[in-house]
Amino acid sequence: CPSFFGFKSMGCKAVAVILLFSLLLQCPESSALHSRKLAALVPSAPLVLEYHNGDLLSGPSSIHVYLLWYGSFSRSQKLIVNDFLSSFDSTSPVFPSVRSWWKTTSGYKDKSKVSISSWVSLNGQSSDGYSMGKNLQKTDIAKLVERAVRNATFPGDPRGIYFVLTAEDVLVQDFCMNSCGFHDHFIASTPTDQQRLIHAWVGNPATQCPGQCAWPYAIPQYAPPTPPLISPSKDV
């Protein structure tokens, strides 16, 4: 190592560090470097979903979730979903949390530049014991929700999302082929008017296609057979 200003005994690395700091101290912008926050060096993740100018559940009011359990579910399975939905409003400081995850959606705004609602609440749930059989068409999902609203099992709620959860022994059109779930809307007639209601369906793939719709908590069907992860609930 050549001698730099008589610091040969300190080694090349030490000399390089001294020279670097001396240059920074002489730089007129060095004070800005001291005051810069680390967070500014890590840009926020960009929004990845393209907005197509449709309606969003935005504004300060809560998004209301309604659950229709179609088929046979154990008590523990229902508790898992209920606990998940309850955690949206949790004030627990634990991080990461469902609530902190949901806050990322506030970056999406509607046509009026209003953010998606930051609150989600479970407003009702009901069970259906295979009233339409164990082989459903996709159109049957909307019929189940529409009937529940018409029978006043659930209110006609324009701020609501009606989830139909089907048991593992229920076959649904396109399930395990090109769909693990879907969402849609329909126009429902109420005693006073017509309302556009949002509904969604999620199937239970535990026995029908875990490698397709339960990955990474099951061995993937079309990928290297890596060991599955264990879900926090211990349930696929």
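Keep in mind the model is a prediction, meaning the values are calculated, not measured.

Parameters and conventions
Numbers given for residues are sequential positions, taken from 1 along each chain in its written order. At least 70 in pLDDT is required for a residue's local features to be given in this predicted model, at least 80 for side-chain atom pairs to be given and counted, and no such filter applies to totals for whole chains, interfaces and linings, which use all residues. The basis for every side-chain value is the complete set of non-hydrogen atoms in the structure, without hydrogens or water. Helix and strand labels come from DSSP, where a helix needs a run of H or I of at least four residues and a strand needs a run of E of at least two; each type is numbered from the N terminus. Three exposure classes are used, based on accessible area relative to the maximum for each residue type with a 1.4 Å probe and protein chains only: buried under 20%, partly exposed in between, and exposed over 50%. Only heavy atoms matter for contacts: two residues are in contact if any of them lie within 4.5 Å across the pair. Disulfides are defined in this document as cysteine sulfur pairs within 2.5 Å. Strands qualify as paired when DSSP identifies two bridges or more between them. Here is the rule: rings of Phe, Tyr and Trp (six-membered ring for Trp) pair when centre to centre is within 6.5 Å. Planes less than 30 degrees apart are stacked, more than 60 are edge-to-face, and the remainder are tilted. Either the NZ atom of lysine or the CZ atom of arginine qualifies as a charge over a ring when it sits within 6 Å of the ring centre and within 35 degrees of the ring normal. pLDDT measures the predictor's confidence residue by residue and takes values from 0 up to 100. Working convention: axes come from line fits to C-alpha atoms, limited for helices to the stretch in contact. Angles between N-to-C directions cover 0 to 180 degrees.

For the rest of this paragraph, the subject is the environment of isoleucine 141. As for its placement among the helices and strands, isoleucine 141 is situated in helix H5 (residues 138-150). Look at isoleucine 141 and you get buried, because its relative accessible area is 0%. The spacing of isoleucine 141 and phenylalanine 163 is 22 residues in sequence and 9.2 Å in space, taken between C-alpha atoms. Beyond its immediate stretch of four places on either side in the chain, isoleucine 141 contacts Leu136, Val164, Phe182, His199, Ala200 and Trp201.

Turning our attention to the state of the cysteines. Within this structure, the stated rule accounts for two disulfides. Put simply, cysteine 180 and cysteine 213 are joined by a disulfide, and their sulfur atoms are 1.9 Å apart. Handedness of the cysteine 180-cysteine 213 disulfide follows from its S-S torsion of about -80°: it is left-handed. In this pair, cysteine 180 sits in the loop between strand S5 (171-172) and strand S6 (181-189) while cysteine 213 sits in helix H6 (residues 210-213), placing the two residues 33 residues apart along the sequence. With relative accessibility at 21%, the residue cysteine 213 sits in the partly exposed group.

On to the pairing of strand S7 (residues 194-203). Summarising the sheet, strand S4 (residues 160-166) and S7 pair through six bridges and their orientation is parallel. Bridging across to S7, isoleucine 161 finds its partner in isoleucine 198. Relative to S7, S6 is paired through nine bridges, and the arrangement is antiparallel. Counterpart to histidine 185 in the pairing with S7 is isoleucine 198.

Moving on: the packing of aromatic side chains. Within the structure shown, the criterion is met by eleven aromatic pairs. Ring-pair connections join several aromatic residues into one group, and the members of that group are Phe84, Phe88, Trp101 and Trp102. The ring of tryptophan 119 is capped by arginine 99, whose NZ or CZ atom sits 3.9 Å from the centre of that ring. Against the face of tyrosine 130 rests lysine 134, its NZ or CZ located 4.8 Å from the ring centre.

Here the protein shows a mean pLDDT of 81. Residues at 70 or above account for 77%. Low pLDDT, under 50, characterises residues 2-40; the predicted model gives this stretch twelve contacts beyond four residues in sequence or across chains.

Across the sheet, which stays open at both edges, the five strands sit in the order S2-S1-S4-S7-S6 with mixed pairing between neighbours. At either margin of the open sheet sits one strand with a lone partner, and together these are strand S2 (120-128) and S6. Mean inter-strand twist for the sheet, computed between neighbouring axes without regard to direction, equals 25°. Sheet contacts for helix H3 (residues 75-86): strand S1 (63-70), S2 and S4; angle to S1, the most-contacted strand, approximately 175°.

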